[in-house]
Amino acid sequence: MEHRMLGRTGRQVGVVGLGAWQLGADWGEVSEDEAFATLEAAVDAGVTFIDTADVYGDGRSEQIVGSFAKGRPELTVATKMGRRVEQIPSNYVMSNFRAWNERSRQNLGVDTLDLVQLHCPPTPVYSADAVFDALDTLVAEEKIAAYGVSVETCEEALTAIARPGVASVQIILNAFRLKPLEQVLPAARAAGVGIIARVPLASGLLSGRYDEHTTFAPDDHRTYNRRGESFDVGETFSGVDFSTGLEAVRRLAPLVPEGVTMAQFALRWILDQEGVSVVIPGARNPAQATANAAAASVAPLPAETLDAVQAIYDELIRPQVHDRW
């Protein structure tokens, strides 16, 4: 698998990683055995970057990933913090950072966390000098090796990129979410900040496996968060109306090269965007993890295909999401 530098972390990572939200909660039940098998399949396929968070299954995802990663120094494990408390800027203080990081270190079984990301905090947090001074202190103390941010909006990303200590920005980027291409990716490239592309398959819509009759489990966020009832609606189907997303996928389907799945096509499109360090599709089983990793070996898409993706976005998706994210 191709490797790229993950921004200011100084680490090289495989271009297709693994998002471990599914291994914790909010996507239906995934057994511990299945979770370990999924991780094993991903690493066997060349994955070296795993992204988790302290709130995924209230620590379950971190614990599973930590147990799996023990004795595998080639892996880079990123976690996230901040969603365990009321989302107000005054909660983003050193005392909480220390407590959250200590819990993550225990869950992951490490002394130093590879990468800690603020987990989509309130917008004012990105402009608070004290927040980043605290993160710099944790790096100096070797509690964390590097820090980054996970953002909801391009404006938040641009504010974070201007911070000299920010190693990476995690942002929603897929064929339904093109706004980051305009300013965020160029700014990140110029600053040497890594881009971690999350929600790459628009919560599975870009897998091409769903239709108007698809239903999801009650404990799956694609059932209970379609209008942002529990967290930002952009995290579910990238904020795109389900029926609109299905129509967009139907228009994208003729663009998929022979022998390539829709999901692999969607991941390859992301990898073709200059400035992307790693894309982190989730997987609930080994077959999904292996298939996702195979996107790294798909040939780069031709310019006319990239133009066609842009045209579909402009017609169907841009009116819904562009101004917000």
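Residues numbered from 1 in each chain as written. Predicted model: local features only at pLDDT ≥ 70, side-chain atom pairs only at ≥ 80, totals over all residues. Heavy atoms only, no water.

Undergrad: I'd like a rundown of the nonpolar core, residues and numbers included.
TA: One finds Phe97, Leu118, Leu135, Val169, Phe176, Leu206 and Leu252 to be the most contacted residues of the largest nonpolar core, which totals 95 residues. Examining the composition of this core, we find that eight residues originate from one element, helix H9 (residues 262-271), more than from any other. (Core = buried A, V, L, I, M, F, W, Y, C linked by side-chain atoms within 4.5 Å. Buried < 20%, exposed > 50% of the residue type's maximum accessible area, 1.4 Å probe, protein only. Helix = DSSP H or I, 4+ residues; strand = E, 2+ residues; numbered from the N terminus.)

Undergrad: Now, about the pairing of strand E8 (residues 166-172): what can you tell me, with residues and values included?
TA: For E8, the tally of buried residues reaches seven of seven residues, placing the bulk of the element in the interior. Two strands pair when backbone bridges link them, and strand E7 (residues 147-150) and E8 are joined in this way by three bridges, in the parallel orientation. Within E8, the position partnered with Ser150 by the bridge is Gln170. The sheet contact formed by E8 and strand E9 (residues 194-198) spans five bridges and is parallel. Looking across to E9, one finds that Val169 is bridged to Ile195. (Pairing = 2+ DSSP bridges.)

Undergrad: Lay out the sheet that holds E7 with the relevant residues and their values.
TA: The strand order E3-E4-E5-E6-E7-E8-E9-E10 describes an open sheet built from eight strands, whose pairing is parallel. Every other strand in the sheet has two partners, leaving strand E3 (18-19) and strand E10 (276-279) as the edge strands with one partner each. Contacts from helix H5 (residues 154-161) reach E7 and E8 within the one sheet, and its direction differs from that of E8 by about 170°. (Contact = heavy atoms within 4.5 Å. Axes fitted to C-alpha atoms, helices over the stretch in contact; angles between N-to-C directions.)

Undergrad: Give a detailed account of the packing of H5 against helix H6 (residues 184-191), specifying residues and quantitative values.
TA: Packing of H5 against H6 leaves a shortest axis separation of 10 Å and a crossing angle of 10°. On the basis of their axis angle, the class for H5 and H6 is roughly parallel. Along its contact with H5, which presents Cys154, Ala157, Leu158 and Ile161, the element H6 presents Val184, Ala187, Ala188 and Ala191. Split by residue class, the contact of H5 with H6 holds eight nonpolar, no polar and no charged. (Parallel < 35°, antiparallel > 145°, perpendicular 65-115°, else oblique. Nonpolar A, V, L, I, M, F, W, Y, C, P; charged D, E, K, R; others polar.)

Undergrad: I'd love a proper account of the packing of aromatic side chains, names of residues and values included.
TA: Counted by the stated rule, this structure contains eleven aromatic pairs. Three or more aromatic residues joined by ring pairs form one cluster here, namely Trp21, Tyr56, Tyr224 and Phe231. For Arg72, the ring lying beneath its charged end belongs to Phe68, and the centroid distance is 4.1 Å. Sitting over the ring of Phe242, Arg226 keeps its end group 4.6 Å from the ring centre. (Phe/Tyr/Trp six-rings, centres within 6.5 Å; stacked < 30°, edge-to-face > 60°. Lys NZ or Arg CZ within 6 Å of the ring centre and 35° of its normal.)

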